[in-house]
Amino acid sequence: VVYVSDTFGLKIYQLKNNKISQFAFGEVVDGPNGLLVVNGDLYVASWGLPQKDWSTKVPGQIFKISIQTKEKKFVTKAPLGNLD
């Protein structure tokens, strides 16, 4: 299984068994950028919601999404920056 982030498109794709699908999308993924799978969770380093010039009104955070339930939990308590 491979996960791919589309930061500007606010999407995370999953490639599984030669099929691509959207794993998570919209503002809930907060400009996903860096991805890491650990123990059934997909950790996301977010950029924040990018504007057309890549600036953000609120910087990104680190959060995780359960691969099984898609429940989102923040790892950091406050925005950190434009994470990569």
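Structural data are supplied above this passage.
Residues numbered from 1 in each chain as written. Predicted model: local features only at pLDDT ≥ 70, side-chain atom pairs only at ≥ 80, totals over all residues. Heavy atoms only, no water.

**Q** Where do I start with the nonpolar core in this structure?
**A** The nonpolar side chains of a soluble globular protein tend to be buried, and buried together. Core analysis: the biggest nonpolar cluster contains 10 residues, these being Tyr3, Leu10, Ile12, Phe23, Ala24, Val29, Leu42, Val44, Phe63 and Ile65. Among the elements of the structure, strand 3 (19-25), strand 5 (41-46) and strand 8 (62-66) are those that each provide at least two residues to this core. Residues in contact with leucine 42, not counting those within four places in the same chain, are Tyr3, Ile12, Phe23, Leu35, Leu36, Val37, Phe63, Lys64, Ile65 and Ile67. (Core = buried A, V, L, I, M, F, W, Y, C linked by side-chain atoms within 4.5 Å. Buried < 20%, exposed > 50% of the residue type's maximum accessible area, 1.4 Å probe, protein only. Helix = DSSP H or I, 4+ residues; strand = E, 2+ residues; numbered from the N terminus. Contact = heavy atoms within 4.5 Å.)

**Q** When you look at unusual backbone geometry in this model, what are you seeing that I'm missing?
**A** With the exception of glycine, most residues fall at negative phi, and the peptide bonds are largely trans. Even without a glycine there, the phi angle at asparagine 17 is positive, about 50°. Tracing the backbone through its elements, the reader meets asparagine 17 in the loop between strand 2 (11-16) and strand 3. Although it is not a glycine, asparagine 18 sits at a positive phi angle of roughly 65°. Classification of asparagine 18 as exposed rests on a relative accessible area of 79%.

**Q** Quick question: what am I supposed to make of the sheet that holds strand 5 here?
**A** Pairing in this open sheet of 4 strands is antiparallel, and the strands run 4-5-8-9 from one edge to the other. What marks the edges here is a single partner per strand, and that holds for strand 4 (32-38) and strand 9 (72-74). Strand-to-strand twist in this sheet, taken as the mean axis angle between neighbours without regard to direction, amounts to 25°. Bridge count between strand 4 and strand 5: 6 bridges; the pairing is antiparallel. Bridge assignment links valine 37 to a residue of strand 5, and that residue is leucine 42. (Pairing = 2+ DSSP bridges. Axes fitted to C-alpha atoms, helices over the stretch in contact; angles between N-to-C directions.)

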